[in-house]
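Structural overview
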Amino acid sequence: MPKFLGRNEELQRLNEAIQKKSASFIVIKGRRRIGKSRLVQEFSKSFEHFYSFTALPPDTTTTRQHQLNEFCRQLAQNFKTPVAQYNDWGDAFLALAERVKHGKILLFFDEISWMGGLDPSFLGKIKNLWDLNLKSNPKLVFIICGSASAWIEKNIMSGAGFVGRISFTITLRELPMSDCFLFWPKNISIYEKIKVLAVTGGVPKYLEEINPKISAEENIKKLCFTEGGLLVEEYRHIFSDIFLRESQFYDKITHILAEGAKELEEIQEKIGIKIIGRLSEYLWELELAGFITRDYTWNIKTGADSKLSKYRLSDNYLRFYLKYIEKNRDKMKRGSFNLKSFSSLPEWNQMMGLQFENLLLHNRAKIHKMLGLQAIDIICDNPYFQRKTQRYSGCQIDYLIETKFNTLYICEFKFSKNLIGNSVIEEIQKKINCLPNHNKFSCRPVLIHVNGVQKELLESDFFTAVIGIEELFA
C-alpha cells in the first residue's frame, strides 16, 4: 500500500473523536478517488478492532438482495464465523450489533449509497442500529462513507431520522498543493510538478500513479494517452458511480464548462433542451460531488452580495479528459495516436491557464498568508466578473480580494514557460479601470506566476507582490 500523505487536519479531527467518553457517528464524503477509504484505514491504526464493510459497485443487474448477501459474506469474514444468510437488513445489523458491544472499535460502512440505495427501509434500520445498539459502546466510532454526496445530503444530512445523531461530517477535497508536492522527490522542479497537477489536480489516487523517475510528459502520456491508462478509462465510471443514474446532462454540462466558466442562462442556452428546474439540480449535484464550483461575484460599489454567479469546472482531470483524451481515444485504440509535444495540442496554453487557476483557487489560503491577510479582514474573495452596462465595461479578474480596510487585491495568475514581461501591466490596469468606484479603494495588483518574470517588470514597481509558485509553496 502506498505511503499515506497529507490529511493531517482530517486525521486530527477524527482522533479527537477517540477522546470522547461516548460513541461517535461520523459521515465522510467526497468525489471518487479522493481518498476517503484510505483516510479511514489510516485512522483505524488507533483501534483495537477495525471492521470494514463495502458495497458492490452499482450495476443494472445488482439487487437489494445482492447487496445484503455481500454484507453477510463480509460479516462472516470480519468476525471469522460461518456465513449466515439474512433476508432483512435489520436481522443482519442485529447480528453485527451483538459482536461490537465492547472494546475500542472502528466500524466502517463504505459506499453507503450503493449498499442501501435499493432498499427504502435501509436508512431507518441504520438509525435503529445506532440508537438501539452502537451508541451503547462508548469506545465505538461508526463511520459511513460515500462518493454520492448528493445522495448523502438528501437522505442522511437532511434526513429527519438522523437529526442530532451525526457527530460531525468531513468533506474530503483535493489535497493542498504543498501535500501534492510530497509525491515527488525535492529535486524535481515545481514547473514539472505543476504540469502533472494540471492534469490530475490534487486527487490522491491519480498522484499515486505518478512515477517520479520519469518526466511529467512521460507520466501524462502513460496515464492519459496510452490505451487502458487509468485516466483514459476513469471518465466513463465517474457519473454512474457517483450519481447512481444515467444522465446525458452531467456529460453535457461538463463539456460546456470545459471551455470556461458560464452563467446558468448560458449553460441552459448551450444545452438547447428545456430542462427547467432540473438543470439547477444537476448543477447542485455536480457541485456537491466536487466537480464544479459556483463562484458568486459581488457589488464592489455597495459591498452587497450579488445574485450573479458563474459555474466553473474546478476538477482538472475532467477538463483535460474532455479537451484531449476523449477526442483521441479512437486513435489510441488503433495505435495511430502520436503525441510529439503537448504544446502542439489545440488551445494548450489557454487550457493550462485554466488548470493553473483551479490549482491556485483550491489553495487560496496560501495566497492570503503570503499577502499577510487574516480571514477576519476579508469581506469577499472569488473570481470576479461584471456584466457590461451603459456605465461600466465588462470585466473578469482571475481572483479578487476585498478587505475591510477599503483595499482591493487584483490577483492575476500566469502560467507561462517564458518570462513574463511588462505587457501584463497594461492588461491588469484596464481591469482595474473597469471596476466601479475603484478610485475609492487602494488597488493592489498581485501577480502569481510559474517560471519567472523579466527584470523590467520587477523594476516597474507596479505590483504590490510578484509571487513565484515556488515561493508560495516553499
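This write-up is about the structure you can find in this document.

What counts and how
Residues numbered from 1 in each chain as written. Predicted model: local features only at pLDDT ≥ 70, side-chain atom pairs only at ≥ 80, totals over all residues. Heavy atoms only, no water. Core = buried A, V, L, I, M, F, W, Y, C linked by side-chain atoms within 4.5 Å. Buried < 20%, exposed > 50% of the residue type's maximum accessible area, 1.4 Å probe, protein only. Contact = heavy atoms within 4.5 Å. Pairing = 2+ DSSP bridges. Helix = DSSP H or I, 4+ residues; strand = E, 2+ residues; numbered from the N terminus. Axes fitted to C-alpha atoms, helices over the stretch in contact; angles between N-to-C directions. Polar contact = N/O pair within 3.5 Å; in protein donor to acceptor, adjacent residues only side chain to side chain. Lys, Arg positive; Asp, Glu negative; His and termini not counted. Salt bridge = Lys/Arg side-chain N within 4 Å of Asp/Glu carboxyl O. Phe/Tyr/Trp six-rings, centres within 6.5 Å; stacked < 30°, edge-to-face > 60°. Lys NZ or Arg CZ within 6 Å of the ring centre and 35° of its normal. Disulfide = S-S within 2.5 Å.

Some words on the nonpolar core
- Within the largest apolar cluster, 102 residues are counted, with the highest numbers of intra-cluster contacts made by Ile-143, Phe-225, Phe-291, Phe-320, Ile-325 and Ile-469.
- Non-local contacts of Ile-143, meaning those with residues more than four positions away in its chain, are made with Leu-14, Ile-26, Ile-28, Val-40, Phe-43, Leu-106, Leu-107, Phe-108 and Phe-109.
- Among the nonpolar cores identified, the runner-up in size contains 39 residues, and Phe-25, Val-27, Leu-123 and Phe-162 belong to it.

Concerning the sheet that holds strand E10 (residues 407-415)
- On the basis of which strands lie adjacent, the open sheet formed by five strands has the order E8-E9-E10-E11-E12 and mixed pairing. Where the open sheet ends on each side, the last strands, each with one partner, are strand E8 (378-386) and strand E12 (465-468). For this sheet, the mean inter-axis angle between neighbouring strands, taken without regard to orientation, is 25°.
- Across four bridges, strand E11 (residues 442-450) lies against E12 in parallel orientation. Residue pairing for E12: Leu-447 is matched across the bridge by Val-466.
- Running over the sheet, helix H18 (residues 348-362) touches E8, strand E9 (395-403), E10 and E11 and is turned about 135° from E10.

Remarks on the side chain of Lys-195
- In this structure, Lys-195 sits in helix H9 (residues 190-200).
- Lys-195 sits in the buried class, given a relative accessible area of 17%.
- There is a polar contact of 2.6 Å between the side chain of Lys-195 and the side chain of Glu-217.
- If near-sequence neighbours (up to four positions away) are discounted, Lys-195 is found in contact with Ala-216, Glu-217, Ile-220, Met-352 and Phe-415.

Digging into the side chain of Lys-193
- Mapped onto the secondary structure, Lys-193 falls in helix H9.
- This buried residue, Lys-193, is left without a salt bridge; Glu-192 holds the nearest opposite charge, at 9.4 Å.
- In this structure the side chain of Lys-193 is engaged in a polar contact, spanning 3.5 Å, whose partner is the backbone oxygen of Ile-188.
- Not counting the four nearest positions on each side in its chain, Lys-193 is found in contact with Phe-181, Trp-184, Pro-185 and Ile-188.

Observations concerning the sheet that holds strand E2 (residues 49-54)
- Read from one edge of the open sheet, five strands run E2-E3-E4-E1-E5, paired in parallel fashion. Strands at the two margins of the open sheet, each flanked by one partner only, are E2 and strand E5 (168-171). Adjacent strand axes in the sheet meet at a mean angle of 15° when their direction is disregarded.
- Sheet analysis places strand E1 (residues 24-29) next to E5, joined by four bridges and oriented parallel. In the strand pairing of E5, Val-27 is matched with Thr-169.
- In the packing of helix H1 (residues 8-18) onto the sheet, contacts are made with E1, strand E4 (140-146) and E5, and the angle to E5 comes to roughly 160°.

A few points about the packing of aromatic side chains
- Under the defined criterion, the tally for this structure stands at 34 aromatic pairs.
- Judged by centre distance (5.6 Å) and plane angle (80°), the rings of Phe-53 and Phe-109 are edge-to-face. Note that Phe-53 is positioned in strand E2 and Phe-109 in strand E3 (residues 105-110), a separation of 56 residues in sequence. Taken as a pair, Phe-53 and Phe-109 share a single burial class, namely buried.
- Through successive ring pairs, a cluster of aromatic residues spans Phe-25, Phe-53, Phe-71, Trp-89, Phe-93, Phe-109, Phe-122, Trp-130, Phe-142 and Phe-162.
- Its end group placed over the ring of Phe-79, Arg-99 keeps NZ or CZ at 5.8 Å from the ring centre.

Considerations on the pattern of salt bridges
- Evaluation of the coordinates by the stated rule reveals 32 salt bridges.
- Taking the shortest distance from any N to any O, the salt bridge between Glu-233 and Arg-236 comes out at 3.1 Å.
- We classify Arg-236 as exposed; its relative accessible area is 53%.
- Between Glu-259 and Lys-323 there is a salt bridge whose closest N-O contact spans 3.3 Å. On the criterion of sequence distance, the pair formed by Glu-259 in the loop between helix H14 (248-257) and helix H15 (264-271) and Lys-323 in helix H17 (residues 316-334) is long-range, its members being 64 residues apart.

Quick word on the state of the cysteines
- Scanning the entire structure with this criterion turns up zero disulfides.
- Of all cysteine sulfurs in the structure, the one in Cys-434 sits closest to Cys-395, which takes part in no disulfide; the separation is 5.1 Å.
- Take Cys-395: its relative accessible area is 8%, and that puts it in the buried class.
- Left unpaired, Cys-443 is separated from the closest cysteine sulfur, that of Cys-395, by 11 Å.
- By relative accessible area, Cys-443 is classed as partly exposed at 25%.

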